[in-house]
Amino acid sequence: MIQFRQISKQYNDGAKTLALDGVDLSIRDGEFVFITGDSGAGKSTLVKLLMGMEKPTSGSIIVDGLNVAQLERSRLPQYRRRFGCIYQDFQLLSDFTAYDNVAFAQRVIGTKGKNIKKRVPRALAEVGLEEKAKSYPSQLSGGEQQRVAIARALVNGPLYLIADEPTGNLDRTNTDEVMGLLEAVNNTGTTVIVITHDEQVVERMGKRVVEMKNGRITSDTAWLAAEKAAESVQPVPDNIELTAPAPAVEAAKPEAVPSPKAEPEPEPAPEPAPEEDENYVQETLDLGPASGEEEEIEQVVMDLDAITPPQPEPEILPELPPLVVPTVELPESESAKKSKLVSEVLKGWTAPAEVREAEEEETAEEDLSEGTSEIPAGAETAAGTETAEAEIPGPAAEEAVLPEAEKEGGAEHA
């Protein structure tokens, strides 16, 4: 926390200029504060006193419990590490690259080389210039140079960031970018103090504004807010005496007036009993026990015997034996036998003995029917030849048997 208590500063020049005159100002940790005013209002003097570059003529400056005006010169470098500073003219080293300008702030406080290699790229990345690390200030735009200055101010992790006219040399676009970076830094918990005379920037940001004129604080939005809060509380008029409230007296309870005895209501006439009916069912509903009586359970009584007569049990029929259908084998007809034999002969089989016997019987029958009892010698020879041909397998046998079979089939049909 920063506190200025009745700070006055007078320079020992010929005119004995009074730069500050009885300034009281408090800045809490994590605040974003604008200090505005015309040239010569005392803004820059306020910053020099805060950094220990000047000593106040009177009053005290307390920063985190330390009185800056009483610090020895040997302790000032350690004290100034709490602050990071940004200036209007950037104050970059022209012969150093962007990386070296940021690393310079680390080398001044004796940071080790391996830590510098870690922190500097991180600081440049936070301001969006990781790709410009090897560029020189002359190769950068005004907005980029100011972002390098912001990275240099942040690389040591300061508690307080002081920006003295940070947008004085920038256009509207770069101004908005720089103010956005400062707001992002403030969101991380760093206290930001911006000294500016740009009223448009102040209005757009909507932060706390401390206005100075002729070495004095003429307005502070924090004061205005406090005054508005105080005005909202209505004071108590002087002519009203505040006394302790009298003890509460219990009101007397009114005596209970006995109510007149109510006449007993006539008992309702009993409902007529329902006529006896065969289909009548008597039902009782369980509405729960009455107050002060033991719980009783009522059951529904139904005369089922009167409604539904008992049904006879179904008759169980004896199980029947399974139906067995006898299989009857029919004798095979003579024509079927012959057809079967012919089909087997046609497939190239040798005629069985049954066929030969059947042929011999048919031949004998034909001879008897014609009335011939003698068989010529040539016939025996022919018969023997036919028999021999019938025994020969192959196509000749098939041709010999086929006419006989056809002849027999025709005879049967006739």
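In this numbering scheme, every chain counts its residues from 1 along its sequence in written order. Restriction of local features to residues with pLDDT of at least 70 applies here, the model being predicted, together with a cutoff of 80 or more for giving and counting side-chain atom pairs; totals for whole chains, interfaces and linings are based on all residues. Calculation of side-chain values draws on the structure's entire complement of heavy atoms; hydrogens and water are dropped beforehand.

A.B. asks: Now, about the sheet that holds strand β8 (residues 191-195): what can you tell me, with residues and values included?
C.D. replies: Only strands that DSSP links by at least two bridges are regarded as paired with each other. Helical segments are the DSSP runs of H or I of at least four residues, strand segments are the runs of E of at least two, and each set is numbered from the N terminus. Spatial ordering of the open sheet is given by β6-β7-β8-β3-β9-β10, a layout of six strands whose pairing is mixed. Pairing within the sheet leaves two strands with one partner each, and these edge strands are β6 (83-86) and β10 (216-220). The average angle at which neighbouring strand axes cross in this sheet is 20°, direction not considered. Both β6 and strand β7 (residues 160-164) contribute to a ladder of four bridges, which runs parallel. Residue pairing for β7: Cys 85 is matched across the bridge by Ile 162. Any two residues whose heavy atoms approach within 4.5 Å are treated as being in contact. Axis angles are defined between N-to-C directions and span 0 to 180 degrees, where every axis is a line fitted to C-alpha atoms and, for a helix, only to the segment in contact. Sitting on the sheet, helix α1 (residues 43-51) touches β3 (32-36), β6, β7, β8 and β9 (208-213), and the angle it makes with β7 is about 150°. Along the sheet, helix α5 (residues 142-154) makes contact with β6 and β7, crossing β6 at roughly 170°.

A.B. asks: Which residues make up the packing of aromatic side chains, and what values go with them?
C.D. replies: Paired rings are identified among Phe, Tyr and Trp, the last through its six-membered ring, by centres lying within 6.5 Å, and are further divided according to the angle between planes into stacked (under 30 degrees), edge-to-face (over 60) and tilted (the rest). By the definition in use, this model includes four aromatic pairs. Grouping aromatic residues by their ring pairs yields a cluster made of Tyr 79, Phe 83 and Tyr 160. Here, a charge over a ring is recorded when the distance from Lys NZ or Arg CZ to the ring centre is within 6 Å and its angle to the ring normal is within 35 degrees. Between Lys 207 and the ring centre of Phe 32, over which it is positioned, the NZ or CZ distance is 5.6 Å.

A.B. asks: Can you explain the pattern of salt bridges? Please cite residues and give values.
C.D. replies: One speaks of a salt bridge when a side-chain nitrogen belonging to Lys or Arg is within 4 Å of a carboxyl oxygen belonging to Asp or Glu. On inspection of all chains with the given rule, the structure shows nine salt bridges. Measuring nitrogen to oxygen at the nearest pair gives 2.7 Å for the salt bridge that ties Arg 216 to Asp 21. Note that Arg 216 is positioned in strand β10 and Asp 21 in strand β2 (residues 18-27), a separation of 195 residues in sequence. Summary of the burial criterion: residues with accessible area below 20% of their type's maximum are buried, those above 50% are exposed, and those between are partly exposed, where the area comes from a 1.4 Å probe applied to protein chains only. Residue Arg 216 is classed as partly exposed on the basis of its relative accessible area, which comes to 48%. Of the residues examined, Asp 21 reaches a relative accessible area of 25% and is grouped as partly exposed. Salt-bridge contacts for Asp 176 lead to Arg 172; the nearest nitrogen and oxygen are separated by 3.2 Å. One end of the pair, Asp 176, and the other, Arg 172, are both in helix α6 (residues 172-187), four residues apart, so they sit about a helical turn from each other. On the basis of relative accessible area, Asp 176 is assigned to the partly exposed category, the value being 35%. A relative accessible area of 49% places Arg 172 in the partly exposed class. Sharing partners across several salt bridges, the network here consists of Arg 28, Glu 31, Arg 208 and Asp 220.

A.B. asks: If you had to explain a positive patch on the surface to someone new, which residues and values would you point to?
C.D. replies: Together, Lys 112, Lys 114, Lys 118, Arg 119 and Arg 122 give the surface a local cluster of positive charge. In this fold, Lys 114 is placed in helix α4 (residues 113-126). Its relative accessible area of 57% is what places Lys 114 among the exposed residues. Surface patches are drawn from residues lacking salt bridges whose relative accessible area is over 30%; two like charges belong together within 9 Å, two nonpolar side chains (Val, Leu, Ile, Met, Phe, Trp, Tyr) within 5 Å. Under the convention used here, a 1.4 Å probe and the Shrake-Rupley method define accessible areas, while residue burial counts only the protein chains that appear. When charges are counted, Lys and Arg are positive and Asp and Glu negative, with His and the chain ends excluded. Charge placement uses NZ in Lys and CZ in Arg. For Asp and Glu, CG and CD serve respectively.

A.B. asks: Explain the nonpolar core to me, using residue names and the numbers behind them.
C.D. replies: Among buried residues, those of type Ala, Val, Leu, Ile, Met, Phe, Trp, Tyr and Cys that are joined through side-chain atoms within 4.5 Å constitute a nonpolar core. The biggest cluster of nonpolar side chains holds 38 residues, and the ones touching the most others in it are Phe 32, Phe 34, Val 102, Ile 150, Leu 161 and Leu 182. The residues touching Val 102, leaving out its near neighbours within four places in the chain, are Val 120, Ala 123, Leu 124, Val 148, Ala 151, Arg 152 and Val 155. One finds Ile 2, Phe 4, Leu 25 and Tyr 79 within the second-largest nonpolar core, a separate group that totals 30 residues.

A.B. asks: Help me get a handle on α6, residues and values and all.
C.D. replies: Given a helix with a known number of residues, its expected span is that number minus one, times 1.5 Å. Between its first and last C-alpha atoms α6 spans 23 Å; for 16 residues at 1.5 Å apiece the expected length is 22 Å, and the two agree. Regarding α6, the residues found buried are Asn 174, Thr 175, Val 178, Met 179, Leu 181, Leu 182, Val 185 and Asn 186. With its buried residues spanning 155° around the axis, α6 presents them on a single face. Counted as exposed and oriented over 90 degrees from the buried face of α6: Thr 173 and Asn 187. Residue Gly 189 follows α6 closely and has a positive phi angle near 110°. Within this analysis, the arc is defined by the directions that extend from the helix axis to the C-beta atoms.

A.B. asks: Can you explain the side chain of Thr 111? Please cite residues and give values.
C.D. replies: When you line up the elements, Thr 111 lands in the loop between α3 (98-108) and α4. Its relative accessible area of 16% is what places Thr 111 among the buried residues.

A.B. asks: Could you give an account of the sheet that holds strand β5 (residues 66-67), with specific residues and numbers?
C.D. replies: Read from one edge to the other, the open sheet built from four strands follows the order β2-β1-β4-β5, with strand pairing classed as antiparallel. Strands with a single pairing partner mark the edges of an open sheet, and in this sheet they are β2 and β5. Strand direction decides the pairing type here: strand β4 (residues 58-63) and β5, joined by two bridges, are antiparallel. Paired with Val 63 across the two strands is Leu 66, which belongs to β5.

A.B. asks: Could you give an account of the pairing of β3, naming the residues involved and the relevant values?
C.D. replies: Counting buried positions along β3 yields five of five residues, so the element is predominantly enclosed. Burial of the side chains of β3 extends over both faces: Phe 32, Phe 34 and Thr 36 are buried on one face and Val 33 and Ile 35 on the other. When β3 meets β9, the two strands line up parallel, connected through four bridges. Residue pairing for β9: Val 33 is matched across the bridge by Arg 208.

A.B. asks: I'd like to hear about the pairing of β4, residue by residue, with values.
C.D. replies: Examined bridge by bridge, strand β1 (residues 2-10) and β4 share five bridges and lie antiparallel to one another. When the sheet's bridge partners are listed, Ser 8 is paired in β4 with Ser 58. Linkage of β4 to β5, two consecutive antiparallel strands, is achieved through a turn of two residues, within which Asp 64 is found at a positive phi near 50°.

A.B. asks: Can you explain the environment of Gly 142? Please cite residues and give values.
C.D. replies: Of note, Gly 142 is situated in helix α5. Linking Gly 142 and Asn 174, residues 32 residues apart in sequence, is a C-alpha distance of 8.0 Å. Setting aside residues no more than four positions away along its own chain, Gly 142 makes contact with Phe 90 and Leu 170.

Interpretation in functional terms is not warranted from these geometric data alone.
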